[in-house]
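# Commentary on secondary and tertiary structure
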Amino acid sequence: LTIALTICIIVPWFTCRKVPVEVHVASEKAVIIKFQGCVQPGLLGRVARSPLSDWHAFGIISYPLGHESNCHYFLITPLGDWTKNLVINPPAYLYTRKLKFAGLPYLA
């Protein structure tokens, strides 16, 4: 059991990647972050400015839906310090984990 738990904790760190992003500040209340690549709808993505700093989870939006899309998006409301900093200082790169977890549509 200890080995299985250790593997479950370590594996996501091996999938950590620095990826280019496009940040669009739609308004004071909405920031859209665009990532390249196709992602299955209904998953949660986790992002960070540094691999060893705060990780934040957001729902993923793919358009067009399904595997035809070549990019996916996060729609974020800047409420906390980390998300407000996305508006003030938009990054060119963010760290993400390639291992994605099921979001609300799969849990409901």
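Coordinates for the structure precede this section.
The structure contained in this document is the topic of the report that follows. Note that the structure is predicted; figures quoted are calculated from it, not measured.

## Things to note about the packing of aromatic side chains
- Taken as a whole and assessed by the stated rule, the structure comprises three aromatic pairs.
- When the centroid spacing of 5.7 Å and the interplanar angle of 40° are considered together, the rings of Phe 58 and Phe 74 count as tilted. Taken together, the residues Phe 58 in strand 4 (residues 56-59) and Phe 74 in strand 6 (residues 71-76) connect sequence positions 16 residues apart. By the burial criterion, Phe 58 is buried, and Phe 74 matches it.
- An aromatic cluster is built from Phe 35, Phe 58, Phe 74 and Trp 82, whose rings are joined through pairwise contacts.
- Here Arg 97 stacks its cationic end above the ring of Trp 55, 4.1 Å away from the centre of that ring.

## Some thoughts on the environment of Pro 90
- Within the secondary structure, Pro 90 is located in the loop between helix 2 (81-88) and strand 7 (93-97).
- Assessed through its relative accessible area of 41%, Pro 90 is described here as partly exposed.
- Spatially, the C-alpha atoms of Pro 90 and Val 21 are 9.4 Å apart, while their sequence positions differ by 69 residues.
- Each residue touching Pro 90, except ones within four places of it in the same chain, is listed here: Val 23 and Asn 85.

The rules behind each value
Residues numbered from 1 in each chain as written. Predicted model: local features only at pLDDT ≥ 70, side-chain atom pairs only at ≥ 80, totals over all residues. Heavy atoms only, no water. Phe/Tyr/Trp six-rings, centres within 6.5 Å; stacked < 30°, edge-to-face > 60°. Helix = DSSP H or I, 4+ residues; strand = E, 2+ residues; numbered from the N terminus. Buried < 20%, exposed > 50% of the residue type's maximum accessible area, 1.4 Å probe, protein only. Lys NZ or Arg CZ within 6 Å of the ring centre and 35° of its normal. Contact = heavy atoms within 4.5 Å.

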